[in-house]
Amino acid sequence: MADHSQFRLFSERRFLPFFLTQFSGAFNDNLFKNALLLLVTYRAGELMGLPIDIVVNFAAFLFILPFFLFSGIAGQVADKYEKSLVIRRVKLLEIGIMLVAATGLWFGWYELLLLLLFLMGAQSTFFGPVKYAILPQVLEDDELVGGNALVGMGTFVAILLGTIAAGLIMGFEPAAKIAAVGVLVMAVVGYLVARQVPVTEAGSATLNIRLQPLRETWRLIELARERHVVLLSIMAISWFWFLGAAYLTQFPNFAKTDLMGDETVVTLLLAVFTIGIAVGSMLCERLSGHRIELGIVPIGSLGLSLFGMDLYFNMPAQPVPSDWWLMLTDAGFRRIMIDLLGLGISGGLFIVPLYAFIQHETPKEKRARIIAALNVMNALFMVVSALMGIVMLGVLGLSIPEFFLVLSIMNLVVAGFVYQQMPEFALRFVIWLLSRTLYRVSSHGLDHIPEDGPVLLVCNHVSYMDALVIGGAVRRPVRFVMDHRIFRTPVLGAFFRLAKTIPIAPRSEAPDIYQAAFDRIEEELQAGNVVCLFPEGRLTRDGEVGEFRPGVERIVERYQVPVVPMALQGLWGSFFSNAGGAAMKHWPTRFWSRIHLLVREPFAAGDVRAADLEARVRVMQRQTRA
């Protein structure tokens, strides 16, 4: 399945109707919202006695308010009931809302249309948890990244097209009536395709729905906090929405003030940024190798800062009046377009793996509520983003390019904090980099490693890169047990400490380190994690498998877990092995390595003997991959 393109999902009923439902909904939301704001801005004058800028901000508040009020209930509904049924009911509600909206647009009842923004926000609140919770039920694990990439790409393209369509409609005299017909037609289309979404299994049919909006919203946050790694991933995604909202909000004034552009420049900025996100989302599938790969998240976060800084340093000193064509043909302006495209691509690389990771790591009976918690955090971060924009630009008097520079620096600080809290990101990034430069790794038999629960991995020890190769191949996070002396190595030592590697020493040499290692191993196994041990206790000096020490037997005696034998082939002769002299102190015999990781059936806890494991690994290390 992993050999095929993610685009094949468009030919399958388990995905295409859902994608079209999501696409039509995002398009319609933005068509209505932007058409209303443009009509209010250019044709309605004052509304309810309020200035236009206040009305526009009030409209944004009305749309986002339901996410705070109803996300808790929406998450419960999506977890309790069959998800295709929820989707159809939500899309049927959209038809009713858009029927009233079409009437308001037709007759110019703008006060009513503002209130309908609240109902549209409520409808989006109930659709959001189902949107991402249904994907793990209809897609395989190796399709999750590709499916999320397509949904992310479709969402942002739909937002762009809806926004552009609203602007085009304003060029016609009967703009309000055209918009009225458009939103109603799109709502009906959305419901028709939603009827084709296949039936899925209900996540938690016994769940009791509590109609306590604010209390349930708070409970969502408590639910997300149950797993620290999931909560940090939620915060990271919400941070992207913080940045995205900050950029998108400033585009109109940025185009007018700093680029001296006309209205076509605003559309171009939005289009380039949005297309970038779509491209970045689609690149995730290729870069991740059809798996949930957190290693590309740091690439995205670094790009968000570097392109943002470059945007600031490449602003024209004396801008000239511009339109969309000059923005694309002038070298100085074109650099700005490249930066915006890079920002979008980096954003796509940043959020798609995180969405897939949250879906994969969350139990299905709680998944929709976790997604609802994500939606609440997204909404909160976007509100804070707007407030920060007011303070930075209005109170402190920063220019918009200076504001973008501050955002880029803040992003580096936030990324550093997240990666310090979740070393898996840094570990996966280094592994991802090595596997595409120095090493070409192929794995065989990874299905023998249980998908959940505690397990002990044992492997031959060839080089200082063994842990990185294994960590990159095994789908679950791995805690490695390694010789304490490696922690004295300046670069590798710091990296392995960050990766929560467990140092161990011979009992005769350092009994305190020896005992602490076994205590840590037991803690990790009791927590249901994967622990990897190199039972030889040191790097091989001749490329062959050495004697396995009995420590593995002691571990299994203390905590009964299956033991999975593994063997590495192809690392002997590298700079990090002892071939030709002490590791990292001799010239390598080769710079590129084709590495194979072989995994075989686990030993039951009662059958574990160090000599038997050694014999099995020795045979595996010498055998061909067939």
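In this report, we go over the structure that sits alongside the text. (Residues numbered from 1 in each chain as written. Predicted model: local features only at pLDDT ≥ 70, side-chain atom pairs only at ≥ 80, totals over all residues. Heavy atoms only, no water.)

## Structural notes on the overall build of the protein
Condition: Elements are defined by DSSP. Helices are runs of H or I of four residues or more, strands are runs of E of two residues or more, and each kind is numbered from the N terminus. Exposed residues in this analysis have more than 50% of their type's maximum accessible area, buried residues have under 20%, and partly exposed residues fall in between, with area computed by a 1.4 Å probe over protein chains only. Contacts are assigned to residue pairs with any non-hydrogen atoms lying within 4.5 Å of each other. All accessibility values rest on the Shrake-Rupley procedure with a 1.4 Å probe; residue burial counts only the protein chains present in the view.
Along the backbone of the protein there are 21 helices and seven strands. Here the protein holds 626 residues, and the buried ones make up 55% of them. In the protein, the proportion of contacts linking residues at least 24 apart, taken out of those at least 6 apart, comes to 81%. Carbon and sulfur atoms make up 63% of the accessible area of the protein, which amounts to about 26,800 Å² in all.

## Digging into the nonpolar core
Filter applied, for reference: What is meant by a nonpolar core is a set of buried Ala, Val, Leu, Ile, Met, Phe, Trp, Tyr and Cys residues, joined one to another through side-chain atoms within 4.5 Å.
Ranked by internal contacts, the top residues of the largest apolar core, which has 100 residues, are L259, L269, F350 and L407. Considering every element that reaches this core, the biggest residue donor is helix α9 (residues 228-258), with 16 residues. Every residue in contact with F350, bar those within four places of it in the chain, is listed here: A236, F240, V297, G300, S301, L304 and Y419.

## Remarks on the pattern of salt bridges
Filter applied, for reference: When a carboxyl oxygen of Asp or Glu lies within 4 Å of a side-chain nitrogen of Lys or Arg, that pair is called a salt bridge.
Tallying each qualifying case throughout the model produces eleven salt bridges. The salt bridge partner of E522 is R558, with a shortest N-O separation of 2.6 Å. You can see E522 sitting in helix α19 (residues 511-526) and its partner R558 sitting in helix α20 (residues 551-558), a full 36 residues away along the chain. Among the ionic pairs, R622 bridges to E544, the shortest N-O distance being 3.3 Å. Remark: E544 occurs in the loop between β5 (530-533) and α20 and R622 occurs in helix α21 (residues 610-622); sequence separation between them is 78 residues. Owing to a relative accessible area of 34%, E544 belongs among the partly exposed residues under this scheme.

## Comments concerning unusual backbone geometry
Phi at M260 takes a positive value of approximately 50 degrees, unusual for a residue other than glycine. Along the polypeptide, M260 turns up in the loop between α9 and α10 (263-288). Here M260 falls in the partly exposed class, since its relative accessible area comes to 34%.

## Concerning the sheet that holds strand β1 (residues 439-444)
Quick note on the threshold: Pairing between two strands requires that DSSP report at least two bridges joining them. Helix axes use the C-alpha atoms of the stretch in contact, all axes being lines fitted to C-alpha atoms, and the angles between their N-to-C directions lie in the range 0 to 180 degrees.
Strands sit in the order β1-β7-β6-β2-β5-β3-β4 across an open sheet of seven strands; the sheet is mixed. The open sheet has two free edges, formed respectively by β1 and β4 (502-504), since each of these has just one partner strand. When strand polarity is set aside, the average angle formed by the axes of neighbouring strands in this sheet is 25 degrees. Here strand β2 (residues 455-459) runs beside strand β6 (residues 563-569); their pairing, made up of four bridges, is parallel. Bridge pairing links V458 to P565 in β6. Taken strand by strand, α19 contacts β2, β3 (478-483), β4 and β5, and its axis lies near 145 degrees from that of β4. Here α20 sits on the sheet and contacts β2, β5 and β6; the angle it forms with β2, its principal contact strand, is near 175 degrees.

## Thoughts on the pairing of β2
A regular strand places its side chains on the two faces of the sheet in alternate fashion. Where burial is concerned, most of β2 is hidden: five out of the five residues are buried. Burial of β2 is two-sided: the residues V455, L457 and C459 facing one way and the residues L456 and V458 facing the other way are all buried. Two elements, β2 and β5, share four bridges in a ladder whose sense is parallel. Among the inter-strand pairings, V458 is bridged to a residue of β5, identified as L533.

## A word on a nonpolar patch on the surface
Rule in force here: Surface patches are drawn from residues lacking salt bridges whose relative accessible area is over 30%; two like charges belong together within 9 Å, two nonpolar side chains (Val, Leu, Ile, Met, Phe, Trp, Tyr) within 5 Å.
Taken together, the side chains of V100, W106, F107, W109, L112, V181, V185 and V189 define a hydrophobic patch exposed on the protein surface, amounting to about 710 Å² of accessible area. Secondary-structure assignment places V100 in helix α3 (residues 83-107). Since its relative accessible area comes to 36%, V100 is described here as partly exposed.

## Topic: the state of the cysteines
Convention followed: Note on terminology: pairs of cysteine sulfur atoms within 2.5 Å are recorded as disulfides.
Under the defined criterion, the tally for this structure stands at zero disulfides. With no disulfide of its own, C532 lies 6.1 Å from the sulfur of C459, the closest cysteine sulfur. Take C532: its relative accessible area is 0%, and that puts it in the buried class.

## Considering the packing of aromatic side chains
Here is the rule: Any two rings among Phe, Tyr and Trp, with Trp reduced to its six-membered ring, count as a pair given centres within 6.5 Å; such a pair is stacked if its planes are under 30 degrees apart, edge-to-face if over 60, and tilted if neither.
Overall, the coordinates contain 19 aromatic pairs when judged by the stated rule. Here the aromatic rings of F70 and F118 are separated by 6.2 Å at their centres, their planes lie at 75 degrees, and the arrangement is edge-to-face. In this pair, F70 sits in helix α2 (residues 52-80) while F118 sits in helix α4 (residues 110-133), placing the two residues 48 residues apart along the sequence. Ring centres of F254 and F404 lie 5.3 Å apart, and the angle between their planes is 65 degrees; this geometry places the pair in the edge-to-face category.

## Here we look at the pairing of strand β7 (residues 593-599)
The element β7 is extensively covered by neighbouring structure, given that six of its seven residues are classed as buried. The pairing of β1 with β7 spans six bridges and is classified as parallel. Paired with H444 across the strands is L598, a residue of β7. When β6 meets β7, the two strands line up antiparallel, connected through four bridges. Within β7, the residue paired with Q569 across the bridge is H596.

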